[in-house]
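As a plain string of letters, each chain reads:
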Amino acid sequence: MKNKKIIMGLAVVLAVIIAIFAVVIITNGPDTNDGEKDVTVTVVYADKTEKEFEINTDAEYLADALLEEKLITQEEYKSGYYLHIDGVRADYTADGAWWCVTKDGEMTDKGMNDLPIMDGDEFEITYTPA
């Protein structure tokens, strides 16, 4: 009988801890902005030339906006692993090159699929050689 009370008490404590973690995760998730927004994406290519894209979108995340503009492919969008930006390949496994995503000049801590966008945001996607 005493063991059942202990087990029930532990189960309640575990349920409370799980609930607290769920609230923290939901509360600290990325903020998104519903509705129409204008964002600027500048792609910097291997030869250091730049192309600026003014994107008007109701997407909540950068990858969704890039997919709408056909700057990324559906296949890479699904995988979250981007080799091509605007048709240009950067493949780390082949030659060490990769695409660096920054926002207002600062590296982002999220991938493009999880990077929320707000009206007026400015992003840079830079071909980065090895």
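Numbering of residues starts from 1 in every chain and runs along the sequence as written. Selection of residues for local features in this predicted model requires a pLDDT of at least 70, selection of side-chain atom pairs for listing and counting requires 80 or more, and totals for whole chains, interfaces and linings are taken over all residues. Each side-chain value is worked out from all heavy atoms of the structure, with water and hydrogens disregarded.

Another point: a nonpolar patch on the surface. Side chains of Tyr81, Tyr92, Trp98 and Met107 sit close together on the surface and give an oily, nonpolar patch of about 490 Å² of accessible area. Runs of H or I in DSSP of at least four residues are treated as helices and runs of E of at least two as strands, each being numbered from the N terminus. Of note, tryptophan 98 is situated in strand β5 (residues 98-103). Only residues whose relative accessible area exceeds 30% and that form no salt bridge enter a patch; like-charged residues are grouped when within 9 Å of one another, and nonpolar side chains (Val, Leu, Ile, Met, Phe, Trp, Tyr) when within 5 Å. Using a 1.4 Å probe, the Shrake-Rupley method yields the accessible areas, and only the shown protein chains count as cover for residues. Criterion for a salt bridge: a side-chain nitrogen of Lys or Arg within 4 Å of a carboxyl oxygen of Asp or Glu.

Both the distance between ring centres and the angle between the ring planes are used here to describe each pair of aromatic rings. Each pair of aromatic rings taken from Phe, Tyr and Trp, with Trp reduced to its six-membered ring, is defined by centres within 6.5 Å and is described as stacked if the planes are under 30 degrees apart, edge-to-face if over 60, and tilted in the remaining cases. What the rule picks out here adds up to 1 aromatic pair. Relative to tyrosine 127, the ring of tryptophan 99 has its centre 5.6 Å away and its plane inclined at 85°; by these criteria the two rings are edge-to-face. Note that tryptophan 99 is positioned in strand β5 and tyrosine 127 in strand β7 (residues 122-128), a separation of 28 residues in sequence. Of the two residues examined, tryptophan 99 and tyrosine 127, each falls in the buried class. Only protein chains enter the calculation, and the probe is 1.4 Å; a residue is then buried if its accessible area is under 20% of its type maximum, exposed if over 50%, and partly exposed in between.

Let us look at the environment of alanine 59. Here alanine 59 is to be found in the loop between β2 (50-57) and α2 (62-68). The sequence separation of alanine 59 and glutamate 36 amounts to 23 residues, and the corresponding C-alpha distance is 7.7 Å. Sequence-distant contacts of alanine 59, defined by excluding residues within four places in its chain, comprise Lys37, Asp64, Ala65, Glu68 and Ile117. The contact definition used throughout considers only heavy atoms, calling two residues in contact when any of these lie within 4.5 Å.

It is worth spelling out the pairing of β2 at this point. The two faces of a sheet get side chains in turn, since along a regular strand they alternate between them. Criterion used throughout: strands pair if DSSP finds at least two bridges between them. Looking at chain direction, strand β1 (residues 37-44) and β2 are connected through 8 bridges and run antiparallel. Bridged to threonine 42 within β2 is glutamate 52. Remark: 5 residues form the turn of the hairpin made by β1 and β2, two consecutive strands paired antiparallel; lysine 48 in that turn has positive phi of roughly 75°.

A few words on the environment of threonine 42. Here threonine 42 shows up in strand β1. With 80 residues separating them in the primary sequence, threonine 42 and glutamate 122 have C-alpha atoms 7.8 Å apart. For threonine 42, the residues in contact, after removing those within four places along its chain, are Glu50, Lys51, Glu52, Phe123, Glu124 and Ile125.

So, on to a negative patch on the surface. A surface patch of like charges, here negative, comprises Glu36, Asp38, Glu50, Glu52, Glu54, Asp58, Glu68, Glu69, Asp104, Glu106, Asp119 and Glu122. Per-element accounting of the negative patch gives the leading share, 3 residues, to β2. Relative to the helices and strands, glutamate 54 is located in strand β2. Looking at glutamate 54, the relative accessible area reads 55%, which means it is exposed. Charge convention: Lys and Arg are scored as positive, Asp and Glu as negative, and His as well as the terminal groups of each chain are ignored. Every charge is mapped to an atom, namely NZ of Lys, CZ of Arg, CG of Asp or CD of Glu.

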